[in-house]
Every structure is written in structure tokens, then in C-alpha cells.
Amino acid sequence: MTKKNNVDVDFDSDVNYPYHLQPDIIKMALFIHNAESEQEKINRVEFGVNKFNYKFMAHVMAMLTLPHLMETNMKSNEFKEWVSMRQKKMN
């Protein structure tokens with residue numbers, strides 16, 4: 001059994017990964033994210049596009065854009081209203 005992050009799970013056999021959370025997709029997203037320059041990021045994306053299929057790279061790119069989408073959403077009036085309503089319900 002593999003021990004990672006203080007969780008006793010053999011991640012290769014105990015977890016039925018949904019496609020978008022496959023370790024290889026996450027690893028490719030991190031490979032691109034950790035590039036030291038914008039040009040290196042572009043080079044790594046091009047490497048991925050040439051090595052993997054469209055669906056795989058679409059999921060990688062979605063992982064990379066998720067923080068921006070979340071930040072944009074959290075700035076929206078709809079989100080702020082939802083937070084306000086949730087806080088009122090909790091009080």
C-alpha cells in the first residue's frame with residue numbers, strides 16, 4: 001500500500017479515477033504549469049498536443065484554466081449573492 005499525504009490508499013488500485021482526474025492528465029497540467037517561462041509553457045503545450053489526443057489535452061487545458069474561471073466566478077454578483085444568502089442561513 002502506498003502512503004501519500006497521510007492517507008493510506010493504494011492510489012493505483014483503490015481509486016476509480018474519472019477521466020478528467022487521471023494522474024497523467026494532472027501530471028501533464030503540472031508539467032506545463034511549472035515551466036519557467038511563457039515560451040517554455042507554449043513549448044510544453046505543443047509537446048502535449050503532438051504526443052496525446054485531443055480529449056486528453058482538452059482536459060489538461062481545462063485543469064490549467066480552472067483557477068482563472070474560479071476567480072472570475074467568485075467576483076461575479078451571482079456568487080456574492082449566493083455567499084450572502086448562505087451566510088444568512090447559517091446565522
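Since we're looking at a predicted model, the values are computed, not measured.

1. Structural notes on the pattern of salt bridges
- Under the criterion given, the structure shown has three salt bridges.
- Across the pair Glu40 and Arg44 runs a salt bridge, and its minimum N-O distance is 3.1 Å. Note that Glu40 and Arg44 are positioned in helix 2 (residues 38–51) at a spacing of four residues, about one turn of the helix.
- By relative accessible area, Arg44 is classed as buried at 18%.

2. Looking at a nonpolar patch on the surface
- Taken together, the side chains of Leu66, Leu69, Met70 and Met74 present a nonpolar region at the surface, about 380 Å² in accessible area.
- On the secondary structure map, Leu66 appears in helix 3 (residues 54–74).
- Judged by relative accessible area, Leu66 falls into the partly exposed class, the value being 42%.

Thresholds, definitions, all that
Residues numbered from 1 in each chain as written. Predicted model: local features only at pLDDT ≥ 70, side-chain atom pairs only at ≥ 80, totals over all residues. Heavy atoms only, no water. Salt bridge = Lys/Arg side-chain N within 4 Å of Asp/Glu carboxyl O. Helix = DSSP H or I, 4+ residues; strand = E, 2+ residues; numbered from the N terminus. Buried < 20%, exposed > 50% of the residue type's maximum accessible area, 1.4 Å probe, protein only. Patch = residues over 30% accessible without salt bridge, like charges linked within 9 Å, V, L, I, M, F, W, Y side chains within 5 Å. Areas by Shrake-Rupley, 256 points an atom, 1.4 Å probe, with all protein chains shown as cover.

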